[in-house]
Amino acid sequence: ISINDIRITGMAGIRTSGNYIIVNGDNKISPKSRIVIKAIGDKSTLSSTLKTKNSGFVALMESTGLKITVEESNKLTINKYNKGDITTKYMEEEE
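First, a word on what this report is: a plain description of the structure on this page.

Rules of the game
- Residues numbered from 1 in each chain as written.
- Predicted model: local features only at pLDDT ≥ 70, side-chain atom pairs only at ≥ 80, totals over all residues.
- Heavy atoms only, no water.
- Pairing = 2+ DSSP bridges.
- Helix = DSSP H or I, 4+ residues; strand = E, 2+ residues; numbered from the N terminus.
- Salt bridge = Lys/Arg side-chain N within 4 Å of Asp/Glu carboxyl O.
- Axes fitted to C-alpha atoms, helices over the stretch in contact; angles between N-to-C directions.

Taken in spatial order, the three strands of this open sheet run 2-1-6, and their pairing is antiparallel. The strands lining the two open edges of the sheet, one partner per strand, are strand 2 (6-7) and strand 6 (37-38). As paired elements, strand 1 (residues 2-3) and strand 2 share two bridges and run antiparallel to each other. Looking at strand 2, one finds that I3 is bridged to I6.

Before going further, it helps to spend a moment on the pattern of salt bridges. Under the definition given, this model contains one salt bridge. The partner of D5 in a salt bridge is K38, with the nearest N and O atoms 3.1 Å apart. With D5 in the loop between strand 1 and strand 2 and K38 in strand 6, this pair connects stretches of sequence that are 33 residues apart.

For the rest of this paragraph, the subject is the sheet that holds strand 3 (residues 14-17). In space, the three strands of this open sheet follow the order 3-4-5, with antiparallel pairing throughout. In this open sheet, the two strands that pair with only one neighbour each are strand 3 and strand 5 (27-29). Averaged over neighbouring strand pairs, the angle between their axes works out to 30° when direction is ignored.

Written as structure tokens, this is what we have:
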């Protein structure tokens with residue numbers, strides 16, 4: 001998962017501070033700007049879960065007046081984590 005190209009890991013922190021969303025301790029994202037969330041997984045499951053009528057993420061966010069767009073893709077790039085070392089016991093870099 002990434003938020004505005006900031007990689008999210010199990011060690012990442014996401015919080016609000018004043019008028020900003022803080023990701024990984026120091027990356028400030030204004031909620032007034034376009035926020036792009038990318039996720040790797042089964043695109044049909046992810047899409048249908050987000051779009052669940054009356055209780056999904058899209059419905060919840062649209063009820064607050066936000067415009068939400070869900071796009072499916074066959075090819076997605078998420079940048080690597082850049083806040084220090086992570087042990088990558090099961091991951092390999094693609095060549």
